Amino acid sequence: MRTQWQGFVILLLMLEFHGTSGQLVEGSGLMWTAIGHGKSDLLFIAGDGHSIYVNTTRTKTVSARVLLSEAESRKVGLAMDYEDNFVFWTDIERKSIFKASLQTGSVWKIYDGISNSVEGIAVDWVAKKVYWTDASYNWIVVSDYNRDNIRTLIYTGLDKPRGITVDPIHGHLYWCDLGSTGKIEKSNLNGEGRQTILSESSNIGKIQQPNGLEIDYYENRLYWTDSSLHKVMSVDLDGSFQTVREVVEERAFVFPFDISLDQKYFFIADHSTEELWIIDRANPVNRTELTFPQYKPLGITYYSGWRQPQLSSPCSTNNGGCQHLCVGDPGGHKCLCINGFVLAADGFSCVTNTHLVPGHQVLFANDDSICRLPVDFAHSRPDITEHCFVDGVHVGAMDYLYSQDLLYFHDMYHGIIRRALLRDDPNIQDIVPKVRSISGISVDWVANNLYWTDSEMKAIFVSKLDGSFKTVLVSENVSVPHGINVYPSKQSLFWSDKGSPPRIEKSALSGRNRSVFISTNIVMPSALAVDHTNHRLYWVDVGLNSIESISTNGEKRKLISFTSTPVFGLTLFQDHLYWTEPHHLVDFSHASNKLVARKRLDSFPTAVLAFDKSKQTLTPGPCDIGNGGCDEICAPSFSGAECLCSQAENLFHRTDVTNDDFLLVADVETGTLNGKIYHINLRSPTFKYTSLPLTNIANPVALDYDHVEAKVYWTDRYLKTINRASLDGSDHEVIASLDIHVPDGIAIDVKGRKLYWTDTGIDQITGANLNGSNRQPIVFTDLQEPRAIIVDNWKSHIFWSDWGAEPKIERVNQDGSGRVAVVSTDLGWPNGLALDENGRKLFWCDAKTDRIEYINLKTSKRQVLIAFASPDAQPFGLTLTDRYIYWTDWDKRQVQRADKHTGYKVSRVSCLKLERPKGIYVLALPKTTGKESQLVTEEDATSTAKADRNINTISPESFIGVVVGIAVLIIATILVTILSLYCRRHHKVCFAGSSNQCSAYVGDMGLPSAPPAPTSPNQRVVPGEEATYSTIDEELSLPKQTTGNQYETDEQQIHDYVPMRSL
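Residues numbered from 1 in each chain as written. Predicted model: local features only at pLDDT ≥ 70, side-chain atom pairs only at ≥ 80, totals over all residues. Heavy atoms only, no water.

### Looking at the overall build of the chain
Along its length, the chain carries three helices and 84 strands. Put simply, the chain has 1063 residues, and 57% of those count as buried. Sequence separation of 24 or more characterises 47% of the internal contacts of the chain that already satisfy a separation of 6 or more. By element, 51% of the accessible surface of the chain is carried by carbon and sulfur atoms, the whole surface being about 43,700 Å². (Helix = DSSP H or I, 4+ residues; strand = E, 2+ residues; numbered from the N terminus. Buried < 20%, exposed > 50% of the residue type's maximum accessible area, 1.4 Å probe, protein only. Contact = heavy atoms within 4.5 Å. Areas by Shrake-Rupley, 256 points an atom, 1.4 Å probe, with all protein chains shown as cover.)

Dropping the structure here:
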């Protein structure tokens, strides 16, 4: 039933209630704030809920008094202390918190300097404290009644807090948050013990946009209004917070702003419909509303002693022993200190905070200093001035690490990145010298890394927080990098580039997955700022004189403001953007899109930061434990930790690469045509690496190295070329490009000075001289997808892998004759090949079966060296030394190695970050030289040292043992000779390892007969038909798979196919 406000008695009171005497309010009643007719009023209806309900439904009349009516005012939040006859409210127009006595009519200003988003207020009537929420600065503040002691209580993890209420009985504070995720939270009255009791994400359909809060202390239930659900909801406060009720289910409200209650009725202020609802708690169908045309109600409270049970408080006596603030607590009471002080060890007294940046501050650099102002300087006293705490520096870029009280800045005077401890003694340290053109610095507070832009070097750099392990993160196609910001929650990095074309780019924190984020309608992007709560990127465009923003996923681009003067620095705190202009610090509300303040400064400010704990939330990451397993820099990513290594200063034109003991690795950046060949120094304990200074390289696939002329050869799949160059980048030649389609594999015959490559586009294997001349097809029939290729210099054979519909590994003579299938069963995608010429073993990696295997070319025995248990393994390139086998892995994006003989000790080689690693080549001196073995492990080095000592100091007993061993060897040689003569006499040859297993010899000279000559260079010799040989090297027919893990030769030899190691 709708009842119009029929009449009212007006008692008009001016501010301070001058001329008014006597008690203004007697007994209980309903009190609320409202705005309308150009005024802001505080109104009161006497009586309990039942009498008000009866008057509005039966007599159709209601009497109300205007306790306070003011122009140029906007009263919102409302609270009361019934025992002391006080009423409190927030005034967002006057930016103040007020208190009025309902006995004397006096009004006091408790706090001056709130924002225009302070809409919730609550009173602890026991400890005599007042709490309020600020949705602009996203914090909760506590103060005493006398405005002597004020403290920011909670300032992290808030996103538009509004309604707030206290529970002095149990020592708890409750507030609602209607930010991106609606929720209700709880803490102790000192701000500790914080927890979320309800949230939109975990309580679907129960909460969305909570506004007003109220507690029934007798039922121990919390009630709230939800402006999105248009309902009144409640939850029990027994600690489980499980029983959520819909108190008023029907859609009765439009914008229920606040709620209060008595024993029998709810009172709801609906701001949009200009109504006050009175609802029967026992039967919500019984309800009525009071309508006030052009008066919009806001805060509401039921003024009654029933609402505030009388309790005693330790804070009532001598302030609980506290020097500043005494607040209630579940265990009694706690002491708090005002802003700028910290609690002493005794828990009662307060001492000055020695932090150079106490509380929430805006830091800015000027001509020769770093200074600060409070973030709410726009709402502070007009005469507030900046405080400078670091002098004698000219700063162009800076950032901070809150958890360690460290400020990082670039001193342009001296060309050094420095850091200062934000305590009484700054203890300034130089951490990165010789850096002169830095415009942006950003700290990754989660992984503890430091990033910066360098326009002179045209690169993005990263190091540890102490400046160690400095390395280039991005250098290709970088013109004039300027602003930079880390985005740890999404493992991302943003930077601006003012060059041509101007753009803002984005990448992973490791520099991977680089992409152009913004490239349209942009002229000269400079400073950047990230809103980590609302996931938006802000930037300054000095060419357009504008400030814009966009979501971090690239959507909803928005113009924030045009600027009339140049803007230098940009930062963000909650709903506020701060930027520096000549002689000004600007505060702009991006929530309301309004200028808050433009403060005049005597100096010329440049870089600017908002210093606050809430801006650097610590979350678990893959680099937390053991630096993510990295030797130097650990960069978090969605797939885990990525390791980065430091690089030499002359990275861009490096010519001091070693000519022995090194790896070469081909790589291409994902989604680009930016190919590279990396050189990894195997002599370095940390496998230092650098990219060869090669040009015109797009998508290198396979590579090989000619150690005679010290040149690297590679195939480029995109450019469709065969290339070679010296390691220093000189003498780059395209030696073949005509009729090259999809070059995949490449191999050098160092002995014969020939070059071979596979082309899967035309299904052919081609041979040529090393300069590309005299090209001839070697194999051009019955090929499907030829890939890897390798030359057997001892036997003048060529091996290649084919990953087509019938995958196989084959071999042919260098003239194209004698083609044989070496392995043709149990293959998937055979990629890389490697040949151990001394051990006569052919290795391959298979990206489909996830194995590295080998076959003994003498015995035909096939074995699995490594079976990858991880589903994300995808080996591609393969190479080996006398001790290790190395391979590239597409999925892990790294080079790995293991013991060549056992498959043990699988480890990453170098912390080089790769995108799509492909071909790989190793050149290492024999183990006896100590080159490669010196850098294996500490354990290996120790055992080698022990062996050296034993050799140098031979004891008499050892000498006797050596003599005996030589004698035994001589006798064994004589016996083997006798056995050999016996076998020849009886035309038999014995298999190694089995003296009683022999095969018949044919021919007068005891030599195996030759196979039938092929009729064409590419004719296959079919295994097991006419040729019968003792080994693969001597044309042995190949193993044929039978059942299980067994293989059978034509000589009926059974070899177990047993994996040697599974990862």
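### Here's the deal with the sheet that holds strand β77 (residues 894-899)
The strand order β75-β76-β77-β78 describes an open sheet built from four strands, whose pairing is antiparallel. The open sheet has two edge strands, β75 (875-880) and β78 (907-909), and neither has a second partner. When strand polarity is set aside, the average angle formed by the axes of neighbouring strands in this sheet is 35°. Pairing analysis gives three bridges linking β77 to β78, with the strands arranged antiparallel. Residue Val895 lies in a different strand from β78, and its bridge partner there is Val909. (Pairing = 2+ DSSP bridges. Axes fitted to C-alpha atoms, helices over the stretch in contact; angles between N-to-C directions.)

### Quick notes on the side chain of Thr133
By the secondary structure assignment, Thr133 is in strand β10 (residues 129-134). Reaching out from Thr133, the side chain makes a polar contact with the backbone oxygen of Arg162 at a distance of 2.7 Å. If we ignore the near neighbours within four places in the chain, the residues touching Thr133 are Ser117, Val118, Glu119, Gly120, Trp139, Ile140, Pro161, Arg162 and Ile164. (Polar contact = N/O pair within 3.5 Å; in protein donor to acceptor, adjacent residues only side chain to side chain.)

### Describing the pattern of salt bridges
One pass over the full model with this rule turns up 42 salt bridges. Between Asp84 and Lys128 there is a salt bridge; the shortest N-O distance is 3.1 Å. Note that Asp84 is positioned in the loop between β5 (75-81) and β6 (86-91) and Lys128 in the loop between β9 (120-124) and β10, a separation of 44 residues in sequence. Judged by its relative accessible area of 27%, Asp84 falls in the partly exposed class. Lys334 is the salt-bridge partner of Asp329, the closest N and O atoms lying 3.9 Å from each other. Given the relative accessible area of 14%, Asp329 is considered buried. (Salt bridge = Lys/Arg side-chain N within 4 Å of Asp/Glu carboxyl O.)

### A look at the environment of Cys845
Mapped onto the elements, Cys845 comes out in strand β72 (residues 841-846). Sequence-wise, Cys845 and Gly828 are 17 residues apart; in three dimensions their C-alpha atoms are separated by 9.8 Å. Cys845 has contacts with Trp829, Pro830, Asn831, Gly832, Arg851, Ile852, Pro875, Phe876, Gly877 and Leu878, leaving out every residue within four places of it along the chain.

### A short note on the packing of aromatic side chains
Under the counting rule described, the total for this entry stands at 31 aromatic pairs. Positioned over the ring face of Trp108 is Lys99, at 4.7 Å from the centre of the ring. The residue whose ring lies beneath Lys470 is Phe461, and the NZ or CZ to ring-centre distance is 5.0 Å. (Phe/Tyr/Trp six-rings, centres within 6.5 Å; stacked < 30°, edge-to-face > 60°. Lys NZ or Arg CZ within 6 Å of the ring centre and 35° of its normal.)

### Remarks on the nonpolar core
Core analysis: the biggest nonpolar cluster contains 62 residues, and Tyr131, Leu173, Ile184, Leu222 and Trp224 have the highest contact counts within it. If we ignore the near neighbours within four places in the chain, the residues touching Leu173 are Tyr131, Ile140, Leu153, Ile164, Thr165, Val166, Glu185, Lys186, Ser187, Asn188 and Leu189. Membership of the second largest hydrophobic core comes to 33 residues, among which are Ile441, Val472, Val486 and Leu509. (Core = buried A, V, L, I, M, F, W, Y, C linked by side-chain atoms within 4.5 Å.)

### Observations concerning the sheet that holds strand β70 (residues 820-823)
Strand order in the open sheet made by the four strands is β67-β68-β69-β70, with antiparallel pairing throughout. Since the sheet does not close on itself, it has two edges, and those belong to β67 (786-792) and β70, each with one partner. Strand-to-strand, the axes of this sheet are offset by a mean angle of 30°, without reference to chain direction. Direction of pairing for strand β68 (residues 797-802) relative to strand β69 (residues 808-813): antiparallel, over a ladder of six bridges. By the bridge assignment, Asp802 is partnered in β69 with Lys808.

### A word on the pairing of strand β25 (residues 296-303)
Most of β25 is tucked away: seven of the eight residues are buried. Relative to β25, strand β2 (residues 29-36) is paired through six bridges, and the arrangement is antiparallel. Among the inter-strand pairings, Leu30 is bridged to a residue of β25, identified as Tyr302.

### Some details on the state of the cysteines
Overall, the coordinates contain six disulfides when judged by the stated rule. The disulfide partner of Cys322 is Cys335, and the gap between their sulfur atoms is 1.9 Å. Note on the Cys322 and Cys335 pair: the S-S dihedral is about -75°, so by sign convention the disulfide is left-handed. Residue Cys322 is found in the loop between β25 and β26 (325-329), and its partner Cys335 is found in strand β27 (residues 332-336); the two are separated by 13 residues along the sequence. Grouping residues by exposure puts Cys322 and Cys335 together as buried. Linked covalently through their sulfurs, Cys337 and Cys350 form a disulfide whose S-S length is 2.0 Å. Given an S-S torsion of about -95°, the disulfide between Cys337 and Cys350 has left-handed geometry. With Cys337 in the loop between β27 and β28 (341-343) and Cys350 in strand β29 (residues 350-352), this pair connects stretches of sequence that are 13 residues apart. For Cys337, a relative accessible area of 2% puts it in the buried group. A relative accessible area of 9% places Cys350 in the buried class. (Disulfide = S-S within 2.5 Å.)

### Quick notes on the side chain of Glu837
With respect to the element layout, Glu837 can be found in the loop between β71 (830-836) and β72. We note that Glu837 is buried and unpaired, the nearest opposite charge coming from Arg840 at a distance of 5.6 Å. Polar side-chain contacts of Glu837 include one of 2.9 Å to the backbone nitrogen of Asn793. Once you skip the residues sitting within four places of it in the chain, Glu837 turns out to touch Val791, Asp792, Asn793 and Trp794. (Lys, Arg positive; Asp, Glu negative; His and termini not counted.)

### Re a nonpolar patch on the surface
Side chains of Val523, Met524 and Leu544 sit close together on the surface and give an oily, nonpolar patch of about 210 Å² of accessible area. Tracing the backbone through its elements, the reader meets Leu544 in the loop between β46 (536-541) and β47 (546-551). Accessibility expressed as a relative area gives 35% for Leu544, which makes it partly exposed. (Patch = residues over 30% accessible without salt bridge, like charges linked within 9 Å, V, L, I, M, F, W, Y side chains within 5 Å.)

### Observations concerning the pairing of strand β53 (residues 608-611)
Neither face of β53 is left uncovered, since the one carrying Val608 and Ala610 and the one carrying Leu609 and Phe611 both have all their residues buried. In this structure, strand β30 (residues 361-365) lies alongside β53, joined through four bridges in antiparallel fashion. Bridge pairing in β53 places Gln361 opposite Phe611.

That is the geometry; function is a separate question.
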